[in-house]
Number of protein chains: 2
Amino acid sequence: MKSDIKLDVYLVTDRELSRGRSIDEIVTAAVKGGATIVQLREKFASTRDFIQTAERLKMILKPYNVPLIINDRVDVALAVDADGVHIGQDDMPYDIARRLLGPHKIIGLSVESIRDARDAEALDVDYLGVSPIYFTPTKTDLKRQLGLAGLHKIRSFSRHRLVAIGGLNVSNAAEAIQSGADGVAVVSAICSADNPQAAASELATIVKKIKQVMP
Amino acid sequence: MKSDIKLDVYLVTDRELSRGRSIDEIVTAAVKGGATIVQLREKFASTRDFIQTAERLKMILKPYNVPLIINDRVDVALAVDADGVHIGQDDMPYDIARRLLGPHKIIGLSVESIRDARDAEALDVDYLGVSPIYFTPTKTDLKRQLGLAGLHKIRSFSRHRLVAIGGLNVSNAAEAIQSGADGVAVVSAICSADNPQAAASELATIVKKIKQVMP
């Protein structure tokens, strides 16, 4: 487990939503703007392409000291010695992922219900991705919207750090932090932005400001 | 590397071609019939489902002492402690797979050209999957047909054991072995057979018979 990771602005990549720009370009802009952690998500790439992209992002992120998280694929994370993985409820069970990655890698887990979050109390995950806060075109396989109320509820009992995900952008990031999130995860708010660097910067400013005034 | 694996009848699973029967059912029938090695290939399953299927197959195969090979996914192989992986040219590079799996696991590599096979001379793979011998509806991403001539050519210089794959069945298995293959890999010839056990048995008999009369 790592307790020092900064979850403020958590970029999740998406090739399809990047409007023709490369993942490298989006990620470079995002970290220049202030993204604090980056998750590479590749739903259709071959394993070889996934590894090659991960290797490039690792090089891009290194000077910024921003961790690279791999979505789902523990093999890709091991291949490039990434900082960690993010797993969903349909991915590798947490205990196996921890065994394969060892105690020092970051493992984040998606929770999509109060029950998922309660189950996660038994796990030494590094953070929970709480979703969906709002509905979003990025994920089409989610049944229920947890909303800010769900996030607030999970915050009330969970021992884990929480990242809010699902439909978040500059207009609603503040309320997610106020409802208990340690950071906001965004896909299109950065990947599809006219200016991804400015979008990341604006999000970083909002999150920092709200955290300063919170008790 | 493992030199004692029996490649005679190499089943590659395919959910879509199994005519509504479960993978467990097909694999059980195949090993009862005489399949000597089984590769679990799952192109659309979630990581969790892939792992669960692999765990079930491992239990099915154990009493037959038939190795379980995982297609592409080194993470799944590590998760269930499978006997090895089969990687293609778009999958994890061999050197990384070997580093992650260690020296004792089976690693098979697909070669789709004479050049691929020449490149593989430098690698300590356990076998090469030589494809396609014939065209087949199972793989739609192959450009050229290597044919029996290509197989024969690769046999003339390769230090590796060879498994022929692509359009093989009881009617042409003999010529693949005669052209230098150590075994035949089949998908639909077993998965789609009316009687998968009988199909595996017939293939095993053919391969054994040809090997006996070969110099």
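Residues numbered from 1 in each chain as written. Chains lettered and ligands numbered in written order. Predicted model: local features only at pLDDT ≥ 70, side-chain atom pairs only at ≥ 80, totals over all residues. Heavy atoms only, no water.

Engineer: Would you mind showing me how to read the overall build of chain A here?
Structural biologist: Tallying secondary structure elements over chain A gives nine helices and eight strands in all. Expected size for 215 residues packed as a compact globule is a radius of gyration near 17 Å; at 16 Å, chain A falls within 12% of this value. Along the first, second and third principal axes, the C-alpha atoms of chain A reach 40 × 40 × 30 Å. Relative to its 215 residues, chain A shows a buried fraction of 58%. Here chain A displays about 9300 Å² of accessible surface, and carbon together with sulfur accounts for 50% of that area. Here chain A carries 28 positive and 27 negative side-chain charges, and the mean point of each set is 3 Å from the other. (Helix = DSSP H or I, 4+ residues; strand = E, 2+ residues; numbered from the N terminus. Rg over C-alpha atoms; globule rule 2.2 N^0.38 Å. Buried < 20%, exposed > 50% of the residue type's maximum accessible area, 1.4 Å probe, protein only. Areas by Shrake-Rupley, 256 points an atom, 1.4 Å probe, with all protein chains shown as cover. Lys, Arg positive; Asp, Glu negative; His and termini not counted. Charge placed at Lys NZ, Arg CZ, Asp CG, Glu CD.)

Engineer: Hey, could you run me through the packing of helix H1 (residues 23-33) of chain A against helix H2 (residues 47-61) of chain A in this one?
Structural biologist: Angle between the axes and distance between the axes: these two values describe a pair of packed helices. Residue and element names in this part refer to chain A. Where H1 meets H2, the closest approach of the two axes is 10 Å, and the angle between their N-to-C directions is 25°. With respect to H2, the element H1 is oriented roughly parallel. At the point where H1 passes H2, the crossing takes the right-handed sense. Contact with H1, carried on its side by Ile-23, Asp-24, Val-27, Thr-28 and Val-31, involves Thr-53, Arg-56, Leu-57, Ile-60 and Leu-61 of H2 and no other residues of that element. Here the contact of H1 with H2 is built from residues that sort into six nonpolar, two polar and two charged. (Axes fitted to C-alpha atoms, helices over the stretch in contact; angles between N-to-C directions. Parallel < 35°, antiparallel > 145°, perpendicular 65-115°, else oblique. Left-handed = near helix turned anticlockwise from the far one by under 90°. Contact = heavy atoms within 4.5 Å. Nonpolar A, V, L, I, M, F, W, Y, C, P; charged D, E, K, R; others polar.)

Engineer: Is there a simple way to think about the environment of Leu203(B) in this case?
Structural biologist: Residues and elements named next belong to chain B. Counting through the fold element by element, Leu-203 comes out in helix H9 (residues 196-213). Separated by 32 residues in the primary sequence, Leu-203 and Ser-171 place their C-alpha atoms 9.3 Å from one another. Apart from the residues lying within four places of it in its own chain, the contact partners of Leu-203 are Val-9, Asn-169, Val-170, Ala-173, Val-184, Val-186 and Ile-190.

Engineer: Mind showing me how you'd approach the sheet that holds strand E7 (residues 162-165) of chain A here?
Structural biologist: Strand-to-strand pairing in sheets goes through backbone hydrogen bonds, with the strands running parallel or antiparallel. Here we have eight strands rolled up into a closed barrel, ordered E1-E2-E3-E4-E5-E6-E7-E8 (chain A), and parallel in their pairing. Pairwise comparison of adjacent strand axes, ignoring direction, gives a mean angle of 25° for this sheet. (Pairing = 2+ DSSP bridges.)

Engineer: Got a minute to help me understand the relation of the copies chain B and chain A in this structure?
Structural biologist: Relating one copy of the chain to the other takes a rotation about an axis and a shift parallel to that axis. It takes a turn of 180° to lay chain B on chain A, together with a shift of 0.0 Å along the axis; the resulting RMSD is 0.0 Å. Taken together, the rotation and translation describe the operation of a two-fold axis. Residue Asp75(B), judged by its C-alpha, is the member of chain B lying nearest the rotation axis, at 2.3 Å. Most of the interface of chain B is mirrored in chain A: 100% of its interface residues are interface residues there too. (Least-squares fit on C-alpha atoms with pLDDT ≥ 70 in both.)

Engineer: Explain the pairing of strand E8 (residues 183-186) of chain B here, please?
Structural biologist: Along a regular strand, successive side chains alternate from one face of the sheet to the other. All names here are of chain B. Along E8, one buried face is formed by Gly-183 and Ala-185 and the opposite face, lined by Val-184 and Val-186, is buried too. Pairing between strand E1 (residues 9-12) and E8: three bridges, direction parallel. Bridge pairing in E8 links Tyr-10 to Ala-185. Where strand E7 (residues 162-165) lies against E8, three bridges are found, and the strand directions are parallel. Within E8, the position partnered with Ile-165 by the bridge is Ala-185. Note on the crossover from E7 through helix H7 (residues 173-178) to E8: the handedness is right-handed. (Right-handed = clockwise from strand over helix to strand, strands pointing away.)

Engineer: Honestly, the confidence of the model for chain A in this entry has me stumped. Any pointers?
Structural biologist: Any segment with low pLDDT has predicted coordinates that should not be analysed in fine detail. This prediction gives chain A a mean pLDDT of 95; 95% of its residues lie at or above 70. Listed scores for the predicted complex are pTM 0.94 and ipTM 0.92. (pLDDT = per-residue confidence, 0-100.)

Engineer: Sorry if this is basic, but what is going on with the packing of H1(A) against helix H9 (residues 196-213) of chain A here?
Structural biologist: Residue and element names in this part refer to chain A. Relative to each other, H1 and H9 sit at 35°, their axes nearing to 7 Å. Here H1 and H9 pass one another in a crossing that is right-handed. Contacts between H1 and H9 involve Ile-26, Ala-29, Ala-30, Lys-32 and Gly-33 on the former and, on the latter, Pro-196, Gln-197, Ala-200, Ser-201 and Ala-204.

Engineer: Help me understand the packing of aromatic side chains, please; the structure alone is not making it clear to me.
Structural biologist: Where two aromatic rings form a pair, the distance of their centres and the angle of their planes describe that pair. Residues and elements named next belong to chain A. Counted by the stated rule, this structure contains two aromatic pairs over all chains. With centroids separated by 5.6 Å and ring planes inclined at 65°, the aromatic side chains of Tyr-10 and Tyr-127 adopt a geometry described as edge-to-face. Placement of the pair is Tyr-10 in strand E1 (residues 9-12) and Tyr-127 in strand E6 (residues 127-130), with a sequence separation of 117 residues. Classification of Tyr-10 by relative accessible area gives buried; the value is 1%. The cationic tip of Arg-118 hangs over the ring face of Phe-157; the distance from NZ or CZ to the ring centre is 4.0 Å. (Phe/Tyr/Trp six-rings, centres within 6.5 Å; stacked < 30°, edge-to-face > 60°. Lys NZ or Arg CZ within 6 Å of the ring centre and 35° of its normal.)

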